[in-house]
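# Structural characterization, general
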Amino acid sequence: MIEKVVEGKFLIDGKIIHCCVGIERGTIVDVKKSLDGETKIRFPRGLILPSAVDVHVHLRDPGLTHKEDFSTGTLSAAFGGVSCVIDMPNTKPPTVDKESCKEKISIGERKSYVDFGIYLGVNENNIKKLRDFEGLVTGFKIYLPDFDITLLGELSKLKVKRVLAFHAEEKRCIEKFGKKSENLIEHAKTRASVCEKTAVEKVLKEMEKTDFHIHFCHISSSISLYALSQFKKKVSVGVTPHHLLFKASRSLTPQSYYKVNPPLRTSLDQEALWEALLSGEIDIIESDHAPHTTDEKEVDFSEAPSGIPGVETMYPVMLYVFLMKGYPLERLVSALCSRPARLFGLKKGRIAKGMDADFIVVDLKKVKKIMADRLHYKCGWTPFEGMKGIFPTDLFVRGERIIEDEELVGDRGFGRFVKPREGEESCTEK
Ligand code: NCD
Ligand code: ZN
Ligand code: ZN
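The present account deals with the structure reproduced in this document. (Residues numbered from 1 in each chain as written. Chains lettered and ligands numbered in written order. Predicted model: local features only at pLDDT ≥ 70, side-chain atom pairs only at ≥ 80, totals over all residues. Heavy atoms only, no water.)

### Structural notes on the overall build of the protein chain
What the protein chain contains, in helices and strands, is 12 helices and 18 strands. Taken over C-alpha atoms, the radius of gyration comes to 20 Å for the protein chain, in line with the 22 Å a tight globule of 430 residues would show. Taken over 430 residues, the protein chain has a buried fraction of 63%. Considering only contacts in the protein chain between residues 6 or more positions apart, those separated by 24 or more positions represent 73%. (Helix = DSSP H or I, 4+ residues; strand = E, 2+ residues; numbered from the N terminus. Rg over C-alpha atoms; globule rule 2.2 N^0.38 Å. Buried < 20%, exposed > 50% of the residue type's maximum accessible area, 1.4 Å probe, protein only. Contact = heavy atoms within 4.5 Å.)

So this is what it looks like as structure tokens:
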């Protein structure tokens, strides 16, 4: 008999169907109308959706753990319906060599509540040796504001079939505009969208032929989307909930809390982002969870660090907005779950045979007001304060219940390090 069976209403391939999902050793082995299991868990109410894979979080561990750490960050992920996160390399020390990769993986294995991957930060020193990291990391990251763009040509020739994610703001362009800014509208001007567009174009030109799977993180402007549409190259494109839901304006307060890179832009940019998300031109939603403490944010705007937290609110807020607007849930689940998993060659993000048994249960009628003191971030604040969201009541990761009835039942250290499956290529196909 099958080890474990979960029965309820699942969203599968765009349809809501009542069925049973059979699980053995954390993997989905069967999806049928009815199944018997040694353990059977029934959800007579609620809807079961795949849990999210957030390909862009800054968990700040090691070295910046006054802002967040692997425990608090992944606990927040769990409560937000995220069963897998991929952590960015700008920690202390940065994740740029074998030692720092191994250290971060071991921290994650000790502290993580959900599965996790890591990025290697690509720099002038390791760029020639990236092949040595292929088996060690989940993906590669280039932060273009700190990167010599003339190196891209060389990089494109490396035979590495992994995700290469870009923070696309071109260094020289930001330096040109780069005066100090005193508020959000100025910030958007000093890091103008043309700098994002230029970065996107340069990457696409220089890396037209490459084995890497190019991912553009947190695209924020309509002109960058236009630039992307002018190239035939298959790449993947991410957007954050904050760029979809906020524009640069005086009414966001305190202003410095909303300071982020790339900046919040105009309502026209927001409209273009929504259109591209709904059409599939933008294929991934990522949180860019970048927590800073209130003390760090409560300084003069020009001195405040950029970045806002979001891993716990991403799924709940987007789910609420999609329902309110009547947008197809299938599109949301693709952008939050199956596309990011597929991009990284992970067996997650879909309720189907052979996939990890990762899913959430939601009660679509249980709409909550978002309040920082109910979230699990170390930084203690959220830019989505007072907005509405639908939080999962339950979370399963590899068949184990991590959240039950809105309470934590999972263990610290349960999370496992993930990287693309052996022989499984990452995939930029739509
Ligand atoms: C991020 C951070 O704080 O680490 N800040 C941000 O404004 N997004 C860095 C980044 O993703 O660019
Ligand atoms: Zn970034
Ligand atoms: Zn980031």
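### Side note on the coordination of the zinc ion (ligand 3)
Every protein donor of the zinc ion (ligand 3) is accounted for by H56 (NE2), H58 (NE2) and D288 (OD), and the metal-donor separations fall at 2.0 to 2.2 Å. Seen from the zinc ion (ligand 3), its 4 donor atoms lie at angles of 88 to 140°, and the figure they make is irregular. Of note, the zinc ion (ligand 3) draws all its donor residues from one chain, in the sequence arrangement H-x1-H-x229-D. The metal-metal distance between the zinc ion (ligand 3) and the zinc ion (ligand 2) is 3.5 Å. In this pair, H58 is assigned in the loop between β5 (52–57) and α1 (70–79) and D288 in the loop between β12 (284–285) and α10 (294–297), connecting sequence segments 230 residues apart. Each of the two residues, H58 as well as D288, counts as buried. (Donors = N, O, S within 2.8 Å, 3.2 Å for Na, K, Ca; no water. Tetrahedral: all angles 85-135°; square planar, octahedral: opposite > 155°, others 65-115°.)

### A look at the site of ligand 1
Near ligand 1 you find 14 residues, and of these R60, N90, H167, N261 and D288 are the closest. Contact between ligand 1 and H58: an oxygen atom at 3.1 Å from a side-chain N or O atom of the residue. Separating an oxygen atom of ligand 1 from a side-chain N or O atom of N90 is a distance of 2.7 Å. Relative to its unbound accessible surface of 310 Å², ligand 1 loses 94% to contact with the protein. Its atoms largely coinciding with the cavity grid, ligand 1 occupies the largest pocket. Counted by class, the shell around ligand 1 contains 3 nonpolar, 9 polar and 2 charged residues. (Near = heavy atom within 4 Å. Polar contact = N/O pair within 3.5 Å; in protein donor to acceptor, adjacent residues only side chain to side chain. Areas by Shrake-Rupley, 256 points an atom, 1.4 Å probe, with all protein chains shown as cover. 1 Å grid on protein atoms, 1.4 Å probe; cavity = no way out; pocket = protein on both sides within 12 Å on 5 of 7 lines; lining within 4 Å. Sits in = over half its atoms within 2 Å of the grid points. Nonpolar A, V, L, I, M, F, W, Y, C, P; charged D, E, K, R; others polar.)

### Digging into the state of the cysteines
Across all of its chains, the model carries 1 disulfide by this definition. The disulfide partner of C173 is C195, and the S-S distance across this bridge is 2.2 Å. Sign of the S-S torsion, about -75° for the bond between C173 and C195, identifies this disulfide as left-handed. In this pair, C173 sits in helix α4 (residues 171–177) while C195 sits in helix α6 (residues 193–206), placing the two residues 22 residues apart along the sequence. When its relative accessible area of 0% is taken as the criterion, C195 is described as buried. (Disulfide = S-S within 2.5 Å.)

### Here's the deal with the sheet that holds strand β13 (residues 359–362)
Pairing is mixed across the open sheet formed by 8 strands, whose spatial order is β3-β2-β1-β4-β13-β16-β17-β18. Looking at strand neighbours, the two that pair on one side only are β3 (27–32) and β18 (407–408), the edges of this open sheet. The pairing of strand β1 (residues 2–12) with strand β4 (residues 37–50) spans 7 bridges and is classified as parallel. Residue E7 lies in a different strand from β4, and its bridge partner there is R42. Strands in contact with helix α12 (residues 329–343) are β1 and β4; relative to β4, the strand with the most contacts, it is inclined by about 115°. (Pairing = 2+ DSSP bridges. Axes fitted to C-alpha atoms, helices over the stretch in contact; angles between N-to-C directions.)

Everything listed here is a matter of coordinates, which is why it stays silent on function.
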